[in-house]
Amino acid sequence: MIDFKGVSKTYPNGTVALDDVNLSIDKGEFVFVLGHSGAGKSTLLKLMMREEKPTSGSIIVGSYDLNKIKNREIPYLRRNIGMVFQDFRLIPTMTAYENVAFAMRVTNIPLRDIRKRVPYILHLVGLAHKARVYPTELSGGEQQRVALARALVHNPPIIIADEPTGNIDPDLSFEIMELLTEINRLGTTVVVVTHEQDMVRQFNRRTVKLEKGSVVFDTGKVGVR
Ligand SMILES: Nc1ncnc2c1ncn2[C@@H]1O[C@H](COP(=O)(O)OP(=O)(O)OP(=O)(O)O)[C@@H](O)[C@H]1O
Ligand SMILES: [Mg+2]
């Protein structure tokens, strides 16, 4: 599903964010990406979404070879990936409901289906009561859950979440992780970036650790609960 071969990324200012990363994630896997601040975790995710290009190496995501992908194909690549960004990236002029609905509206889904699906997903992330509220009126954790709802809403084959529990209290973090686990159980490939060692221990899934841009360990597939 996701395959990195010899991938390096040096930013224009000379910062080496990734250095010869090899990583292969199968369809239906659940993978934690662990590492200190600056280790290259967000860069790894940005390369998967084609938000950044690698300096060298090859990246395959689904049926796309990202070294060969055409610009007009990039929106289709991104439709396969539900991304929860570390900085949320909600649209400030839209309510929670509209932010989630917008992700569906761009894909020709009938309005009737959107009106059913959006409240269901907001309920799933515990935000049914905040549907009409704007991002600035939400707490960090609530904004994060809107971002998660938006990533889940069109049922993509891959979910990539950058610190989805970063701004959330421990109980809610656990629930969000349970939700991602459940989505994975239904067949979605899930990649979760986190700092939280505790969470990783608790959920006992494949863990890839980055340090200074390199993979320093990879547990490989771990028995599913
Ligand atoms: N656009 C950019 N231009 C230059 N350097 C960058 C850019 N984005 C990230 N970096 C640098 O690349 C390295 C990896 O950054 P990255 O954002 O991937 O780290 P991270 O593991 O996600 O960290 P955090 O846990 O703090 O989010 C860091 O040294 C960072 O300063
Ligand atoms: Mg990051």
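Residues numbered from 1 in each chain as written. Chains lettered and ligands numbered in written order. Predicted model: local features only at pLDDT ≥ 70, side-chain atom pairs only at ≥ 80, totals over all residues.

### Thoughts on the overall build of the protein
Here comes step 1: Secondary structure summary: the protein contains seven helices and 10 strands in total.
Here comes step 2: The C-alpha radius of gyration of the protein comes to 17 Å, within 12% of the 17 Å expected for a compact globule of 225 residues.
Here comes step 3: C-alpha extents for the protein along the principal axes are approximately 45 × 40 × 35 Å. (Helix = DSSP H or I, 4+ residues; strand = E, 2+ residues; numbered from the N terminus. Rg over C-alpha atoms; globule rule 2.2 N^0.38 Å.)

### A look at the sheet that holds strand 8 (residues 189-194)
Paired through their backbone hydrogen bonds, the strands of a sheet run either parallel or antiparallel.
Here comes step 1: Taken in spatial order, the six strands make up an open sheet running 6-7-8-3-9-10, and their pairing is mixed. Where the open sheet ends on each side, the last strands, each with one partner, are strand 6 (81-84) and strand 10 (214-218). Taken pair by pair, the neighbouring strands of this sheet meet at an average axis angle of 20°, ignoring direction.
Here comes step 2: For strand 7 (residues 158-162) and strand 8, the ladder comprises five bridges, and the chain directions are parallel. Residue pairing for strand 8: Ala161 is matched across the bridge by Val192.
Here comes step 3: Contacts from helix 5 (residues 140-152) reach strand 6 and strand 7 within the one sheet, and its direction differs from that of strand 6 by about 175°.
Here comes step 4: Relative to the sheet, helix 6 (residues 170-185) contacts strand 3 (30-34), strand 7 and strand 8, its axis offset from that of strand 8 by approximately 155°. (Pairing = 2+ DSSP bridges. Axes fitted to C-alpha atoms, helices over the stretch in contact; angles between N-to-C directions. Contact = placed C-beta atoms within 7 Å.)

### Let's talk about the pairing of strand 3
Successive side chains on a regular strand alternate, one facing one side of the sheet and the next facing the other.
Here comes step 1: With five of five residues buried, strand 3 is to be regarded as a mostly interior element.
Here comes step 2: Burial along strand 3 is two-sided: Phe30, Phe32 and Leu34 and Val31 and Val33, pointing in opposite directions, are all buried.
Here comes step 3: Note that strand 3 and strand 8 share five bridges and pair parallel. Looking at strand 8, one finds that Phe32 is bridged to Val192.
Here comes step 4: Strand direction decides the pairing type here: strand 3 and strand 9 (residues 206-211), joined by four bridges, are parallel. Counterpart to Phe32 in the pairing with strand 9 is Thr207. (Buried ≥ 20, exposed ≤ 12 C-beta atoms within 10 Å, placed from the backbone.)

### A word on the packing of helix 3 (residues 96-105) against helix 5
How two helices pack is summed up by the angle between their axes together with the distance between the axes.
Here comes step 1: Running from N to C, helix 3 and helix 5 cross one another at 25°; their axes reach a closest spacing of 8 Å. In terms of orientation, helix 3 lies roughly parallel with respect to helix 5. In this structure, the crossing between helix 3 and helix 5 has a hand that is right-handed. The residues of helix 5 that touch helix 3, namely those facing Ala96, Asn99, Val100 and Ala103, are Val146, Ala149 and Arg150. (Parallel < 35°, antiparallel > 145°, perpendicular 65-115°, else oblique. Left-handed = near helix turned anticlockwise from the far one by under 90°.)

### Regarding the environment of Ile69
Here comes step 1: Counting through the fold element by element, Ile69 comes out in the loop between strand 5 (64-65) and helix 2 (74-79).
Here comes step 2: The spatial distance from the C-alpha of Ile69 to the C-alpha of Pro135 is 34 Å, given a sequence separation of 66 residues.
Here comes step 3: The residues contacting Ile69, other than those within four sequence positions of it, are Arg50, Tyr64, Ile74 and Leu77.

### A look at the environment of Lys5
Here comes step 1: Mapping Lys5 onto the fold places it in strand 1 (residues 2-10).
Here comes step 2: C-beta crowding within 10 Å serves as the criterion here: with 14 such atoms nearby, Lys5 is assigned to the partly exposed category.
Here comes step 3: Along the primary structure Lys5 and Leu18 are separated by 13 residues, whereas in three dimensions their C-alpha atoms are 12 Å apart.
Here comes step 4: Leaving out residues up to four positions away in the same chain, Lys5 has contacts with Asn22, Gly57 and Ser58.

### A closer look at the packing of helix 3 against helix 4 (residues 111-124)
Here comes step 1: Closest axis-to-axis distance for the helix 3/helix 4 pair is 10 Å, and the angle between their directions is 130°. The orientation of helix 3 relative to helix 4 falls into the category oblique. Read as a crossing pair, helix 3 and helix 4 show a hand that is right-handed. Taking contact as the criterion, the partners of Ala96, Tyr97, Val100, Ala101, Met104 and Arg105 in helix 3 are, on helix 4, Ile114, Arg117, Val118, Ile121 and Leu122.
Here comes step 2: Of the residues belonging to the contact of helix 3 with helix 4, the class tally is nine nonpolar, no polar and two charged. (Nonpolar A, V, L, I, M, F, W, Y, C, P; charged D, E, K, R; others polar.)

### Examining the site of ligand 1
Here comes step 1: In the neighbourhood of ligand 1, 13 residues make up the surrounding shell, with Tyr11, Ser37, Lys41, Ser42 and Thr43 lying closest.
Here comes step 2: The element contributing the most residues to the shell around ligand 1 is helix 1 (residues 41-48), with three residues. (Near = placed C-beta within 6 Å.)

### Description of the sheet that holds strand 1
Here comes step 1: The antiparallel open sheet is built from four strands, whose spatial order is 2-1-4-5. With partners counted over all chains shown, the strands left at the sheet margins are strand 2 (16-25) and strand 5, one partner each.
Here comes step 2: The pairing of strand 1 with strand 4 (residues 56-61) spans five bridges and is classified as antiparallel. Directly across from Phe4, in strand 4, lies its bridge partner Ile59.

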